[in-house]
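The residues making up each chain are set out below.
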Amino acid sequence: MRRSLSLRARVALAAALAATVVVVLVGVLASVLLAREQTERLDRSLVPGSPAVLGSFASTRADLAVTLRNPAGEARRVSGPELPLSPIGIPTSVTVAGVGYRIRTAPGPAPGSLVTVGATEDDTRARVAERQRLVAGLGVAAVALAAGLGWVFAGRAVRPMRRLTAQAATLDRAATDPAAAPPTVRADGSRESEELADALSDMLARLHAEQERSTASLHAARDFAAAARHELRTPLTSMRTDLEVLAAHPDLPERDEVLADVLRAQARVEATLTALGQLAAGDLPDAAGGEAIGVADVLRLAAEDARRAHSRLEVVVDEPDPATPESVRASPEGLRMALANAVVNAVRHGRAGTVRLGAHAGTDGGVVLTVDDDGSGLPADEREAVLGRFVRGSTAGAPGSGLGLALVAQQAARHGGRVALGDAPTGGLRVSLALGPDRAG
Amino acid sequence: MSESNPDLLVVDDDADVRASLERGLRLSGFTVRSAQDGPGALRAVHERVPDAVVLDLGLPGMDGVAVVTALRAMDHDVPVCVLSARDTVDDRVVGLEAGADDYMVKPFALTELVARLRALLRRGARSTTPAEPALGETLTAGPLTVDLARRTVHVSDRAVELTKREYELLVVLARNAEVVLTRERLLELVWGYDFATDTNVVDVFVGYVRRKLESDGTPRIVHTVRGVGFVLRACG
């Protein structure tokens, strides 16, 4: 992968660039001012005096040239080459015999005469060039210094980033253990890096929580699958044994009995599979939030189901208590299934002869549906456990899937409610399915 | 033990399984008693020691492993075949380590259970070693010393506790040191299974024996010959 320039190099480069702009501006300005100042200095030196004085003066300075002109305009050289005439009083640059001169003309000592004084510009130019070189050198040094300092300071500034990178690189190893606390990263030193570290930590925490959830549900699913296999193996064992017996003893006197056992085991497998299917479906979230159903209707439907499924069972439906909300928002199939399973539990394990369905107002303003039986009941210390999957009570009257009450609990949870087992006024077990006030109406 | 109808104890908490097994085993020529939990099983053994026990591991309360442990602690070396409804290795590992002789995973073939029980009973009837070993008769192979009369095992002077079945497996391997024994041969010599049977009980027991022999870092002496079986080599 092609990498971009490092942040540190970028900062150094930016510092160098900024310094270059400043240095060029300052340098240009400085050299312009320098050149002008030098020229002005030169001009000030071109002050004509008397030719004699000028003569002696010129003789001491090799770079000076003086030309005198009489009123007729004839030039008389005092020293140096003959200088051309220039407008009076205005310093002018001219080239005489290949040498640059700065000249100035003024009225001469005699009336009508003119004196032109000139000085070579070479020295001045050399001085200006020398100063300009110095300024340029200083500029280059300043740019290099700016780049260097940018590099050094940027190194300090990106240090938190480097720390963050190092932490992030070692994270995956620490993060694989879901039991450990969610990993965090820290990068103190600059606000940006701290914000980035906080954002990263937040993200890691979210990922960690997500991972924990999926690990937990994976474990739950695995345990559930193992328990389900276990549940199916038991009736299959008796089925297989019975079938082998039938095969090995064609004239067995108790043949009908064995066949009945096989059929019962087959029914167990089927019931377990049905319950497993219902459990799997019930794990799906209640997407629609349920629909409004009349509480009395719920009881009536559950009673019809119970009478159909258990021909010898007496099913009594009580009028809902006066204070009970008239309807609930729920999944009708879910409630029916929950009540049907409570009834099956009463019949199969409580050996109940009568089941009584009722509806009451919850203390929190919700609805409590109850299934009472006159069966054998359940010891108080088992009432919580039997709501778990594949758990059977010690008083269980017949082999079951161990899923019936778990299905009731699942439907309660799906509706945001809860299941409680208690003593029924009729002597047996009461299964209460409580739906919260948010489900009422 | 009655010569004709061996006395079996079937322990399972599921009424249907219990009824089916009782009937199936009775029709296969056993006298069958049954118990539905651990304490019931121990009471039944206390009443009359059966010739063999068929024991479900997943009993409520006191589980099958605890029952085997209790039986062996009371010095009953009656053959025990454990039944497991779970197919994970862990389950049967604990059952067999506690001193059971074999395991079967539910659902199993009744004929297979009957064949194995008969073999275990035959094995139990006669001594595992051909003749009564003389006092001081020992087998040695490298660091291993087996005192046949005292039924003790030492590895480099360290005493090693083995269950009955583990001991018998080790003795067979030690008697045949440097000879590769197939799984079938070991099933026959140690368990008496002289019929084709699909089980990895040999591998499981070899695993236990190795773990106990090698617990202090002793180099391996029971080696796997891949695709063939196992061999005890004194060195290397």
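Preceding this paragraph is the structure being described.
What counts as what
Position labels on residues start from 1 in each chain and follow its written sequence. Labels are handed out in written order, letters beginning with A for the chains and numbers beginning with 1 for the ligands. Whole-chain, interface and lining totals are the exception, using all residues; otherwise, since this is a predicted model, local features are given only for residues with pLDDT of at least 70 and side-chain atom pairs are given and counted only at 80 or more. To get the side-chain values, all heavy atoms of the structure are used, and hydrogens and water are removed first. Secondary structure follows DSSP: runs of H or I at least 4 residues long count as helices, runs of E at least 2 residues long count as strands, and numbering of each begins at the N terminus. Computation of the radius of gyration draws on C-alpha atoms, with the globule rule given as 2.2 Å multiplied by the number of residues to the power 0.38. Here the term buried applies to any residue with accessible area under 20% of the maximum for its type, exposed to any over 50%, and partly exposed to those in between, with areas from a 1.4 Å probe on protein chains only. Here a residue-residue contact requires only that any non-hydrogen atoms of the pair lie within 4.5 Å. Throughout, the Shrake-Rupley method with a 1.4 Å probe supplies accessible areas, and for residues the shown protein chains are the sole cover considered. Here Asp and Glu are counted as negative and Lys and Arg as positive; His is not counted, and neither are the chain ends. Here the site of a charge means atom NZ of a Lys, CZ of an Arg, CG of an Asp or CD of a Glu. Note on pairing: two strands pair once DSSP finds at least 2 bridges between them. To get an axis, a line is fitted to the C-alpha atoms, and for a helix only the part in contact is used. The angle between two axes follows their N-to-C directions and goes from 0 to 180 degrees. Put simply, buried area is the surface a 1.4 Å probe can reach on two separate parts but cannot reach once they are joined, added for both. For this analysis, a salt bridge means a side-chain nitrogen from Lys or Arg found within 4 Å of a carboxyl oxygen belonging to Asp or Glu. When residues are grouped by polarity, Ala, Val, Leu, Ile, Met, Phe, Trp, Tyr, Cys and Pro land in nonpolar, Asp, Glu, Lys and Arg in charged, and all others, Gly among them, in polar. The definition of a polar contact used here is a pair of N or O atoms within 3.5 Å, where within protein one atom must be able to donate a hydrogen and the other to accept one, and adjacent residues in sequence count solely through side-chain atom pairs. Should an angle fall under 35 degrees it is called roughly parallel, over 145 degrees roughly antiparallel, and 65 to 115 degrees roughly perpendicular, with every other angle called oblique. What makes a nonpolar core is a set of buried Ala, Val, Leu, Ile, Met, Phe, Trp, Tyr and Cys residues whose side-chain atoms join them at distances within 4.5 Å. Here the limits of each domain have been adopted from an automatic or database domain assignment. Note: crossing handedness is left-handed where the near helix turns anticlockwise from the far helix by less than a right angle, and right-handed where it turns clockwise. The pairing test for Phe, Tyr and Trp rings, Trp by its six-membered ring, is centres within 6.5 Å, and the orientation test on the planes gives stacked under 30 degrees, edge-to-face over 60, and tilted for anything in between.

**Q** So what's going on with the overall build of chain A? Which residues, and what values?
**A** On a plain count of helices and strands, chain A comes out with eight helices and 12 strands. Since a compact globule built from 441 residues should have a radius of gyration of about 22 Å, the 54 Å found for chain A marks it as more spread out than a globular shape. Dimensions of chain A along its principal axes, counting C-alpha atoms only, are 165 × 60 × 30 Å. When the 441 residues of chain A are sorted by exposure, 38% land in the buried category. Intrachain contacts of chain A at a sequence separation of at least 6 include 61% that bridge at least 24 residues. Carbon and sulfur atoms form 59% of the exposed surface of chain A, whose accessible area is close to 24,200 Å². Between the centroid of the 49 positive side chains of chain A and the centroid of its 51 negative side chains there is a distance of 16 Å.

**Q** Help me get a handle on the overall build of chain B, residues and values and all.
**A** Summing up its helical and strand segments, chain B has eight helices and 12 strands in all. Looking at the 236 residues of chain B, the share that counts as buried comes to 53%. Sequence separation of 24 or more characterises 60% of the internal contacts of chain B that already satisfy a separation of 6 or more. A total of about 10,400 Å² of accessible surface is found on chain B, and carbon and sulfur atoms cover 50% of it.

**Q** Which residues make up the sheet that holds strand E8 (residues 152-155) of chain B, and what values do they have?
**A** Residues and elements named next belong to chain B. Strand order across the open sheet formed by four strands is E6-E7-E8-E9, with antiparallel pairing between neighbours. At either margin of the open sheet sits one strand with a lone partner, and together these are strand E6 (138-141) and strand E9 (158-160). Pairwise comparison of adjacent strand axes, ignoring direction, gives a mean angle of 25° for this sheet. In terms of strand pairing, E6 meets strand E7 (residues 144-147) through four bridges, oriented antiparallel.

**Q** Go over the environment of Val-180 of chain B with me, naming the residues and quoting the values.
**A** Residues and elements named next belong to chain B. Inspection of the secondary structure assignment puts Val-180 in the loop between helix H6 (164-175) and strand E10 (181-182). Judged by its relative accessible area of 35%, Val-180 falls in the partly exposed class. Distance from Val-180 to Gly-217, taken between C-alpha atoms, is 24 Å for residues 37 residues apart in sequence. Setting aside its immediate chain neighbours within four residues, Val-180 contacts Val-225, Val-228, Gly-229, Phe-230 and Val-231.

**Q** Report on unusual backbone geometry, specifying residues and quantitative values.
**A** Here the bond from Lys-106 of chain B into Pro-107 of chain B is cis, since omega is -10°, no more than 30 degrees from zero. With respect to the helices and strands, Pro-107 of chain B occurs in the loop between strand E5 (102-105) and helix H5 (110-125). Of note in the backbone geometry, Ala-97 of chain A takes a positive phi value of approximately 50° without being a glycine. Given a relative accessible area of 77%, Ala-97 of chain A falls into the exposed group. Of note, the phi angle at Ser-156 of chain B is positive, near 45°, even though the residue is not glycine. Positionally, Ser-156 of chain B belongs in the loop between E8 and E9.

**Q** I'd like to hear about the interface of chain B and chain A, residue by residue, with values.
**A** Where interface size is given, it is often the accessible area lost as the parts come together that is meant. The interface of chain B with chain A comprises 19 residues on the first partner and 23 residues on the second. Where chain B abuts chain A, roughly 2,000 Å² becomes buried across the two surfaces, and 52% of that area is made up of carbon and sulfur atoms. Notably, a salt bridge pairs Asp-242 of chain A with Arg-23 of chain B, separated by 2.9 Å at the nearest N-O pair. Broken down by secondary-structure element, the contributors of at least two residues to the side of chain B that touches chain A are helix H1 (15-27) and H5 of chain B. Sorting elements by how many residues they give to the side of chain B that touches chain A places H1 of chain B first, with eight residues. Here the residues of the side of chain B that touches chain A are counted per class, giving nine nonpolar, three polar and seven charged.

**Q** I'd like a description of helix H2 (residues 38-47) of chain B, backed by residues and values.
**A** Residue and element names in this part refer to chain B. Those residues of H2 lying buried are Gly-38, Gly-40, Ala-41, Leu-42, Ala-44 and Val-45. Of the surrounding elements, those touching the buried residues of H2 are strand E1 (7-11), strand E2 (31-35) and helix H3 (64-73). In this structure Asp-37 caps H2, since a side-chain oxygen of it lies 2.9 Å from the backbone nitrogen of Gly-40.

**Q** Which residues make up the packing of helix H7 (residues 183-191) of chain B against helix H8 (residues 201-213) of chain B, and what values do they have?
**A** Residues and elements named next belong to chain B. Put simply, H7 and H8 touch, their axes get as near as 10 Å, and they point 75° apart. For the element pair H7 / H8, the angle class is roughly perpendicular. Counted together, Arg-183, Leu-186, Leu-187 and Trp-191 of H7 and Val-201, Val-202, Asp-203 and Phe-205 of H8 form the full contact between these two elements. A breakdown of the residues in the contact of H7 with H8 according to their chemical character gives six nonpolar, no polar and two charged.

**Q** Mind laying out the pattern of salt bridges, listing which residues take part and the relevant values?
**A** Enumeration over the complete set of coordinates arrives at 41 salt bridges over all chains. Measuring nitrogen to oxygen at the nearest pair gives 3.6 Å for the salt bridge that ties Asp-297 of chain A to Arg-300 of chain A. You can see Asp-297 of chain A and its partner Arg-300 of chain A sitting in helix H6 (residues 295-309), three residues apart, about one turn around the helix. Note on Arg-300 of chain A: relative accessible area 42%, which makes it partly exposed. The partner of Arg-430 of chain A in a salt bridge is Asp-372 of chain A, with the nearest N and O atoms 2.7 Å apart. Separated by 58 residues along the polypeptide, Arg-430 of chain A in strand E12 (residues 429-435) and Asp-372 of chain A in strand E10 (residues 367-373) bring together distant segments of the chain. Residue Asp-372 of chain A is classed as buried on the basis of its relative accessible area of 4%. Among the charged side chains, a network of salt bridges with common partners joins Asp-242, Glu-257, Asp-261, Arg-264 and Arg-268 of chain A together with Asp-14, Asp-16 and Arg-23 of chain B.

**Q** Break down the nonpolar core for me, with residues and values.
**A** Of all hydrophobic cores here, the largest spans 59 residues; its most connected members are Leu-144 and Leu-213 of chain B. Of all the elements, H8 of chain B adds the most residues to this core, at eight residues. Counting contributing residues, this core receives three or more from each of domain 1 (7-125) and domain 2 (138-232) of chain B. By size, the runner-up hydrophobic cluster in this structure holds 36 residues, among which are Val-298, Leu-387, Val-419 and Leu-435 of chain A.

**Q** Any details on the packing of H6 of chain A against helix H7 (residues 332-348) of chain A? Residues and values, ideally.
**A** Residues and elements named next belong to chain A. Packing of H6 against H7 brings their axes to within 9 Å, and their N-to-C directions diverge by 45°. Here H7 runs oblique to H6, going by the angle between their axes. Crossing angle aside, the handedness with which H6 passes H7 is right-handed. Every residue of H7 that contacts H6 at Val-298, Leu-301, Ala-302, Asp-305, Ala-306 and Arg-308 is listed here: Leu-335, Arg-336, Leu-339 and Val-343. Here the contact of H6 with H7 is built from residues that sort into seven nonpolar, no polar and three charged.

**Q** Any details on the side chain of Thr-199 of chain B? Residues and values, ideally.
**A** Residue and element names in this part refer to chain B. Along the polypeptide, Thr-199 turns up in the loop between H7 and H8. Taking the relative accessible area as the measure of exposure, Thr-199 reaches 19% and is therefore buried. Polar side-chain contacts of Thr-199 include one of 3.0 Å to the backbone nitrogen of Val-201. Contacts of Thr-199, omitting those with residues within four sequence positions, involve Asp-102, Tyr-103, Arg-116 and Leu-187.

**Q** Give me the packing of aromatic side chains: which residues, what numbers.
**A** Residues and elements named next belong to chain B. Tallying each qualifying case throughout the model produces three aromatic pairs over all chains. Pairing Phe-205 with Tyr-208 gives two aromatic rings, centres 5.6 Å apart and planes at 75°, and the pair type is edge-to-face. Taken together, the positions of Phe-205 and Tyr-208, both in helix H8 and three residues apart, correspond to about one turn of that helix. Its relative accessible area of 3% is what places Tyr-208 among the buried residues. Grouped by ring-pair contacts, the aromatic residues Trp-191, Phe-205 and Tyr-208 constitute a single cluster.

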